[in-house]
Amino acid sequence: MYLFVRDGREYLLAPGETLESDLGILEVPEDVAPGDTVETHLGEAFEVRDLRGPDLFAHFERTGAPMMPRDIGLVMGHTGACGGDRVLDAGTGTGVLTAYLARAGADVVTYERNPEFAEVARSNVEIAGVPDRVEVRVGDVVDDLDDLGTFDLLTLDTEDAPRIVSRARDLLVSGGYVAAYVPFVEGTRAVVEAAREAGLDEIETYETLQREMDFDARGSRPSTAGVGHTGYLVFARA
Ligand SMILES: C[S@@+](CC[C@H](N)C(=O)[O-])C[C@H]1O[C@@H](n2cnc3c(N)ncnc32)[C@H](O)[C@@H]1O
């Protein structure tokens, strides 16, 4: 899959696919490659690009609310997630966090209890080009905690994150991290308390705020559009 871009429009297409739009019919050649320019039958040109992380966020088919790039950045930065890491991720949802981790070289086992969501996530992972590094398991991760072995990183984005955090000492190698994304303060506190009870170290919690800047003829200031808050991230270490 590649991104076909023209004047702010973007389409995700595979070699051999055909796109019909007001710009004409675009037949994607089998040997298309990033960097090429391809034209519709009306001569309208599209640039061909490889997908990168933010493109996955923008173009994956969505099921569970995907983690935003800003939060994923914090997860990567605070845990040092990297190639060779073994990651347990729950729940999969759309699979955006999973795909970012796998594209960074980690091997990810991710749990999704909704079979339809899991199926969508599998095809998203294919689009991301990392099916060999991701195993999407259908089921409730809590049911399998006794049999999973150990990981370098646990990434949690579920309401029952505290139950998983309470088992983090069994699931993490020494020095491994848990990162839990939580949308509400109440759930965040529950994760922190579970981390304390589990005897985890270096427990830190952050609210994610990001302000986009506007630069126009009148001056420069933070954007007045949109909400800068996304949620809370709890990090802790075994
Ligand atoms: C907010 S979404 C996760 C989004 C994901 N982090 C991403 O970046 O796309 C939460 C998902 O977790 C799943 N889920 C919730 N609790 C679960 C559990 N105990 N085991 C497996 N999946 C679970 C839900 O069905 C939902 O699809």
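- The name an unreviewed UniProt entry gives the protein chain is Methyltransferase domain-containing protein, with Halomarina halobia as the organism.

**Comments concerning the overall build of the protein chain**
Stage number 1. What the protein chain contains, in helices and strands, is seven helices and 15 strands.
Stage number 2. Considering the protein chain as a whole, with its 238 residues, one finds that 44% of them fall into the buried category.
Stage number 3. Put simply, of all contacts in the protein chain between residues at least 6 apart along the chain, 58% involve residues at least 24 apart.
Stage number 4. Placing the 21 positive and 45 negative side-chain charges of the protein chain at their respective mean positions leaves the two points 7 Å apart.

**Remarks on the site of the ligand**
Stage number 1. In the vicinity of the ligand lie 21 residues, with M67, E112, D140, D157 and D160 positioned nearest.
Stage number 2. Here R113 contributes a backbone N or O atom positioned 3.2 Å from a nitrogen atom of the ligand.
Stage number 3. For the ligand, whose accessible area on its own is 610 Å², the fraction buried by protein is 90%.
Stage number 4. A majority-of-atoms criterion places the ligand in the largest pocket.

**A short note on the side chain of E112**
Stage number 1. Following the sequence through the fold, E112 ends up in strand β8 (residues 107–112).
Stage number 2. This buried residue, E112, is left without a salt bridge; R113 holds the nearest opposite charge, at 5.6 Å.
Stage number 3. Ignoring any residue separated from it by four or fewer positions in sequence, one finds E112 in contact with G91, T92, G93, F117, A118, R137, V138 and G139.

**Details of the packing of aromatic side chains**
Stage number 1. In the structure shown here, the tally under the stated rule is two aromatic pairs.
Stage number 2. With a centroid separation of 6.2 Å and 55° between ring planes, the pair formed by Y206 and F235 is classed as tilted. In this pair, Y206 sits in strand β12 (residues 201–209) while F235 sits in strand β15 (residues 229–237), placing the two residues 29 residues apart along the sequence.
Stage number 3. Stacked on the ring of F57, the Lys or Arg R62 has its end atom at 4.4 Å from the ring centre.

**Focus: the sheet that holds strand β10 (residues 151–156)**
Stage number 1. Judged by pairing direction, the sheet is mixed, and its seven strands sit side by side in the order β9-β8-β7-β10-β11-β15-β12 without closing on themselves. Among the strands making up the open sheet, the edge pair consists of β9 (134–138) and β12. Neighbour-to-neighbour, the strand axes of this sheet turn through a mean angle of 15°, independent of strand direction.
Stage number 2. Inspection of the sheet shows β10 paired to strand β11 (residues 172–182) by five bridges, in the parallel sense. Residue F151 lies in a different strand from β11, and its bridge partner there is L172.
Stage number 3. Along the sheet, helix α2 (residues 69–79) contacts β10, β11, β12 and β15; its crossing angle with β15, the most-contacted strand, is approximately 15°.
Stage number 4. The sheet strands contacting helix α4 (residues 115–127) are β8 and β9, and the helix crosses β9 at an angle near 170°.

**Some remarks on the UniProt feature "domain: Methyltransferase" (unreviewed entry) in the protein chain**
Stage number 1. Mapped onto this numbering, the UniProt entry gives "domain: Methyltransferase" (unreviewed entry) at residues 87–176.
Stage number 2. Its end C-alpha atoms 10 Å apart, residues 87–176 is made of 33% helix and 29% strand.

**Here's the deal with the layout of surface pockets**
Stage number 1. In this structure, the largest pocket occupies an estimated 820 Å³ of space.
Stage number 2. Forming the walls of the largest pocket are 35 residues, and the residues nearest its centre are A65, G91, D157, T158 and E159.
Stage number 3. At the level of elements, β7 (86–90), α3 (96–103), β8, α5 (161–165), β11 and α7 (185–197) are the ones that each hand at least two residues to the lining of the largest pocket.
Stage number 4. Estimated volume of the second largest pocket: approximately 180 Å³.
Stage number 5. Along the walls of the second largest pocket sit R70, Q210, R211, E212, P222, S223, A225, G226, V227 and G228, which together make up its complete lining.
Stage number 6. When the residues that make up the lining of the second largest pocket are grouped by side-chain class, the tally is three nonpolar, four polar and three charged.

**A short note on the sheet that holds strand β1 (residues 2–6)**
Whenever strands of a sheet pair, they do so through backbone hydrogen bonds, lying parallel or antiparallel.
Stage number 1. Strand order in the open sheet formed by four strands is β2-β1-β6-β5, and the pairing between neighbours is antiparallel. Strand pairing shows two members of the sheet lacking a second neighbour, β2 (9–13) and β5 (37–39), which therefore form its edges. Taken over all neighbouring pairs, the strand axes of this sheet differ in orientation by 35° on average, direction set aside.
Stage number 2. Pairing of β1 with β2, which is carried by five bridges, proceeds in the antiparallel orientation. Counterpart to R6 in the pairing with β2 is R9.

Here is what the cut-offs are and how they apply
Residues numbered from 1 in each chain as written. Predicted model: local features only at pLDDT ≥ 70, side-chain atom pairs only at ≥ 80, totals over all residues. Heavy atoms only, no water. Helix = DSSP H or I, 4+ residues; strand = E, 2+ residues; numbered from the N terminus. Buried < 20%, exposed > 50% of the residue type's maximum accessible area, 1.4 Å probe, protein only. Contact = heavy atoms within 4.5 Å. Lys, Arg positive; Asp, Glu negative; His and termini not counted. Charge placed at Lys NZ, Arg CZ, Asp CG, Glu CD. Near = heavy atom within 4 Å. Polar contact = N/O pair within 3.5 Å; in protein donor to acceptor, adjacent residues only side chain to side chain. Areas by Shrake-Rupley, 256 points an atom, 1.4 Å probe, with all protein chains shown as cover. 1 Å grid on protein atoms, 1.4 Å probe; cavity = no way out; pocket = protein on both sides within 12 Å on 5 of 7 lines; lining within 4 Å. Sits in = over half its atoms within 2 Å of the grid points. Salt bridge = Lys/Arg side-chain N within 4 Å of Asp/Glu carboxyl O. Phe/Tyr/Trp six-rings, centres within 6.5 Å; stacked < 30°, edge-to-face > 60°. Lys NZ or Arg CZ within 6 Å of the ring centre and 35° of its normal. Pairing = 2+ DSSP bridges. Axes fitted to C-alpha atoms, helices over the stretch in contact; angles between N-to-C directions. UniProt positions renumbered as here; feature names shortened; annotations may be inferred. Points joined across faces, edges and corners; volume = space filled by probe spheres on them. Nonpolar A, V, L, I, M, F, W, Y, C, P; charged D, E, K, R; others polar.

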